[in-house]
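Survey of secondary and tertiary structure
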Amino acid sequence: MTDHNKTGGARIKAEQLPLAFSHQSATGREDLLVAAPLDAAVSIVDEWPRWPSPVVILVGPQGSGKSHLATIWKNTSGAADIHPVLGKGAARLAENAPVLFEDADRQGFDDTELFHVINSVRENGKSLLMTTRQWPAAWPVTLPDLRSRLKAATVVEIGEPDEDLLAQVLMKLFADRQLYMDDKLVSYIVARMERSLNTAQTIVERLDRLGLSRGTRISRAMAAEVLTELGGQPDED
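Residues numbered from 1 in each chain as written. Predicted model: local features only at pLDDT ≥ 70, side-chain atom pairs only at ≥ 80, totals over all residues. Heavy atoms only, no water.

All right, on to the packing of aromatic side chains then. Going through the model one piece at a time under the given rule, you end up with four aromatic pairs. With centroids separated by 6.2 Å and ring planes inclined at 90°, the aromatic side chains of tryptophan 48 and tryptophan 73 adopt a geometry described as edge-to-face. Of this pair, tryptophan 48 sits in the loop between helix H1 (39-47) and strand S1 (55-59) while tryptophan 73 is found in helix H2 (residues 66-77), placing the two residues 25 residues apart along the sequence. Like tryptophan 48, the residue tryptophan 73 is buried in the burial classification. A network of ring pairs unites the aromatic residues Trp48, Trp51 and Trp73 as a single cluster. (Phe/Tyr/Trp six-rings, centres within 6.5 Å; stacked < 30°, edge-to-face > 60°. Helix = DSSP H or I, 4+ residues; strand = E, 2+ residues; numbered from the N terminus. Buried < 20%, exposed > 50% of the residue type's maximum accessible area, 1.4 Å probe, protein only.)

So, about the sheet that holds S1. What the five strands build is an open sheet, ordered S2-S3-S4-S1-S5; its pairing is parallel. Across the chains shown, the open sheet's two edge strands, defined by having one partner strand only, are strand S2 (80-81) and strand S5 (154-157). The sheet contact formed by S1 and S5 spans four bridges and is parallel. The partner of valine 56 across the bridge, within S5, is threonine 154. Its contacts with the sheet place H1 against S1 and S5, and it is angled at close to 135° to S5. (Pairing = 2+ DSSP bridges. Contact = heavy atoms within 4.5 Å. Axes fitted to C-alpha atoms, helices over the stretch in contact; angles between N-to-C directions.)

Turning our attention to the environment of arginine 220. Position of arginine 220 relative to the elements: it lies in helix H10 (residues 220-229). Judged by relative accessible area, arginine 220 falls into the exposed class, the value being 52%.

This paragraph deals with the pairing of S1. Buried residues dominate S1, accounting for five of its five residues. Burial along S1 is two-sided: the face carrying Val55, Ile57 and Val59 and the face carrying Val56 and Leu58 are both buried. Where S1 and strand S4 (residues 128-132) come together, five bridges link them in parallel fashion. Across the sheet, residue isoleucine 57 finds its bridge partner in S4, namely methionine 130.

Across all of its chains, the model carries eight salt bridges by this definition. Aspartate 103 is the salt-bridge partner of arginine 106, the closest N and O atoms lying 3.0 Å from each other. A relative accessible area of 51% means that arginine 106 is categorised as exposed. Between arginine 214 and glutamate 225 there is a salt bridge; the shortest N-O distance is 2.8 Å. With arginine 214 in helix H9 (residues 197-214) and glutamate 225 in helix H10, this residue pair connects regions lying eleven residues apart in the sequence. (Salt bridge = Lys/Arg side-chain N within 4 Å of Asp/Glu carboxyl O.)

Okay, here's the thing in structure tokens:
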């Protein structure tokens, strides 16, 4: 079998991106790569506990790094995971420690319970971090007092990854697999892929499997094949 772009055990020095990839990736803040679309979100995590308000909400699409940043904050702050619904004791937890509520727009919550959590955080000098794909204004909140509390929260949006970040993501993911990729091939992929960190992970996984199954190096033709499968346009100039 050919070397499949292996580097003989030597790994490229790769900085960890702020999302929890599954292939031998670290999750520590010291390895965090900071890129423009993530600057504000990384800064707010780094600034804890000197937050501008006791409630911070991270907003961003799937795969944008919300969960990884939340994990970093949880490890730093000692926060407890909560789900503000009846019977879960979320407000009591918020009396004694920072609390984390992930995927608020998808998990759902009870208006009154979340209102109590926010009040508990404010009254006891604690912190609440929430992650969501949708801005709080789009949440189906019917309790006026909760809507008022959410308007007072600090909302930080994670922007769409730019081409530079996507290239770094690809290089990092390939390096995790001990694969060396030519810059030109990475640029070819970036120019034709969906601008999504999840898509970057999918591309690397498929190319790795394809190369291993065929016993050959990852090539531009293989990249074009994978991009076509994923709905990309590999034949564009």
